[in-house]
Amino acid sequence: MTDCLFCKIIAGDIPAEKLYEDDRVLAFKDINALAPEHFLVIPKEHISTPNDADNAELMGELSLTATRIAKERGFAESGYRLVMNCNADGGQVVFHIHLHCLGGRKMTSPIG
Ligand code: 5GP
Ligand code: ZN
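Please read these numbers as outputs of a predicted model, since none were measured by experiment. Position labels on residues start from 1 in each chain and follow its written sequence. Following the order in which they are written, the chains are lettered starting with A and the ligands numbered starting with 1. Local features in this predicted model are restricted to residues whose pLDDT is 70 or higher, and side-chain atom pairs enter the listing and the counts only when it is 80 or higher, whereas totals over whole chains, interfaces and linings include all residues. Hydrogens and waters are ignored; side-chain quantities use all the structure's heavy atoms.

Trainee: Sorry, what's going on with the site of ligand 1 here?
Mentor: If a single non-hydrogen atom of a residue is within 4 Å of a molecule or strand, that residue counts as near it. Close to ligand 1 lie 16 residues, the nearest being D30, N85, G91, V93 and H98. Whenever two N or O atoms come within 3.5 Å, that pair is a polar contact, provided that in protein one can donate a hydrogen and the other can accept it, and provided that, for residues adjacent in sequence, both atoms are side-chain atoms. The contact in question runs from an oxygen atom of ligand 1 to an N or O atom on the side chain of D30, over 2.5 Å. Contact distances for ligand 1 include 2.7 Å between an oxygen atom and a side-chain N or O atom of H98. For ligand 1, the accessible surface in isolation is 520 Å², of which the surrounding protein chains cover 83%. Strands are runs of DSSP state E lasting at least 2 residues, helices are runs of H or I lasting at least 4, and numbering of each runs from the N terminus. At the level of elements, α1 (5–11) and β2 (25–29) are the ones that each hand at least two residues to the shell around ligand 1. Here the shell around ligand 1 takes three residues from α1, the largest share from any one element. Following the grouping adopted for this structure description, the nonpolar residues are Ala, Val, Leu, Ile, Met, Phe, Trp, Tyr, Cys and Pro, the charged ones are Asp, Glu, Lys and Arg, and the polar ones are all others, Gly among them. Of the residues contributing to the shell around ligand 1, the split by class is eight nonpolar, six polar and two charged. Note on areas: these come from Shrake-Rupley sampling with a 1.4 Å probe, and a residue is covered only by the protein chains present in the view.

The following block contains the structure:
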């Protein structure tokens, strides 16, 4: 999708600090890190919100990719949080689905 920020990152039109890439998913550091470790995992296919997702395998890949990266980066055992926001009440700002992975510190609230 031409006017989507994350599609532009996938296309290489906007730079990002990439952590992992294959033909289906891309992981890159969040530009505004809310924790010592904060990266996003996105599908290469444009899916606007979690409400539009119907591919269980792809959705599972986002989660497994985040976990694999957390292990590689050495914070899987201490722990991390996986979050996917949906629409206004969920706080979604970029309308290309993305799984946040936050780690490297103890989360200060049950969610958020
Ligand atoms: P949301 O609130 O939609 O779940 O989260 C969007 C996330 O994308 C935010 O954490 C924000 O910091 C991140 N973000 C927004 N624009 C960019 C960008 O251009 N590059 C990167 N790497 N992250 C971005
Ligand atoms: Zn997109």
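Trainee: Is there a simple way to think about the environment of D30 in this case?
Mentor: Relative to the elements of secondary structure, D30 occurs in the loop between β2 and β3 (37–43). Along the primary structure D30 and I111 are separated by 81 residues, whereas in three dimensions their C-alpha atoms are 18 Å apart. Here, two residues are considered to be in contact whenever any of their heavy atoms come within 4.5 Å of each other. Each residue touching D30, except ones within four places of it in the same chain, is listed here: H38, F39, L40 and H100.

Trainee: How should I be thinking about helix α2 (residues 56–73) in this particular structure?
Mentor: Side chains that are three or four residues apart share a direction in an α-helix, a result of its 3.6 residues per turn. Compared with the 26 Å implied by 1.5 Å per residue over 18 residues, the 26 Å span of α2 between its first and last C-alpha is a close match. Those residues of α2 that fall on the buried side of the exposure criterion are L58, E61, L62, T65, A66, T67, I69 and A70. Its buried side turned inward, α2 meets β1 (18–21), β2, β3, β4 (80–83) and β5 (99–103). A side-chain oxygen of the first residue of α2 lies 3.1 Å from the backbone nitrogen of E57; this N-cap is N55. Positioned one or two residues after α2, G74 has a phi angle of 85°, which is positive. In a helix, the anticipated span is given by 1.5 Å times the number of residues less one. Burial classes: relative accessible area under 20% of the type maximum marks a residue as buried, over 50% as exposed, and values in between as partly exposed (1.4 Å probe, protein chains only).

Trainee: Help me out: how do you make sense of the coordination of the zinc ion (ligand 2) in this one?
Mentor: In a perfect tetrahedron of four donors around a metal, the angles come out at 109.5 degrees. In a perfect octahedron of six, they are 90 or 180 degrees. Think of the donor list as every N, O and S atom within 2.8 Å of the metal, or within 3.2 Å for Na, K and Ca; water never makes the list, so a site can look incomplete. Bound to the zinc ion (ligand 2) on the protein side are C4 (SG), C7 (SG), H46 (ND1) and H96 (ND1), at distances that span 2.0 to 2.3 Å. Angle rules define the geometry names used: all angles between 85 and 135 degrees makes four donors tetrahedral, while opposite donors over 155 degrees apart and all other angles between 65 and 115 make four donors square planar and six octahedral, leaving every other case irregular. Given four donor atoms and angles of 107 to 116° at the metal, the environment of the zinc ion (ligand 2) is assigned as tetrahedral.

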